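# Understanding the architecture of this molecule
Chain residues, written in single-letter form:
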Amino acid sequence: MRMFEPDTIQLFQYNAALWNAHKIHFDYPYATEEEGYPGLVVPGPLMGDWLTQCVLEWLGEDGSLTSISYTNRKYSCLGEALRSEGKVLSVDAKTREVEIKVNILNAADEIVIPGQALARFNKE
């Protein structure tokens, strides 16, 4: 498990790096007054990148991530405490592949971003 609490600087830098100019991520009056969100919206791809980082940290030098997929199910706004979780679904001892369920959850334990990863360990 890993906790995430992004701030306005992280949102700005992340969206600038992606050339994502959607105002819901950086313009508070627009996000709240025009779009009706309670605050600035955390970008889904940022949370997907957090999932990737968590799997890579878990694997360390012992393996490699072969694929990851996720979907945006709920929005999350700046100031919300988010956390990741993961669970090994299956292990193939012959190929050394591991299937992992990964999620980002909010403080209400709602799944914001569900995902699945496939990894391969280097050695038995």
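Our subject is the structure that appears above.
Residues numbered from 1 in each chain as written. Predicted model: local features only at pLDDT ≥ 70, side-chain atom pairs only at ≥ 80, totals over all residues. Heavy atoms only, no water.

### Here we look at helix α3 (residues 44-59)
Between the first and last C-alpha of α3 there are 23 Å, a value that for 16 residues agrees with the 22 Å anticipated at 1.5 Å per step. Three or more residues of α3 are buried, namely G44, L46, M47, G48, W50, L51, T52, C54, V55 and L59. Contacts made by the buried residues of α3 are with β1 (2-4), α1 (8-18), β2 (63-70), β3 (82-92), β4 (97-105) and β5 (111-121). Positive phi shows up at G60, right after α3, with a value of about 60°. (Helix = DSSP H or I, 4+ residues; strand = E, 2+ residues; numbered from the N terminus. Expected span 1.5 Å × (residues − 1). Buried < 20%, exposed > 50% of the residue type's maximum accessible area, 1.4 Å probe, protein only. Contact = heavy atoms within 4.5 Å.)

### Details of the packing of aromatic side chains
By the definition in use, this model includes 3 aromatic pairs. Taking the centre distance of 4.2 Å and the plane angle of 5° together, the rings of F4 and W50 count as stacked. Of this pair, F4 sits in strand β1 while W50 is found in helix α3, placing the two residues 46 residues apart along the sequence. Using a relative accessible area of 5% as the deciding quantity, one classes F4 as buried. With a relative accessible area of 4%, W50 lands in the buried category. (Phe/Tyr/Trp six-rings, centres within 6.5 Å; stacked < 30°, edge-to-face > 60°.)

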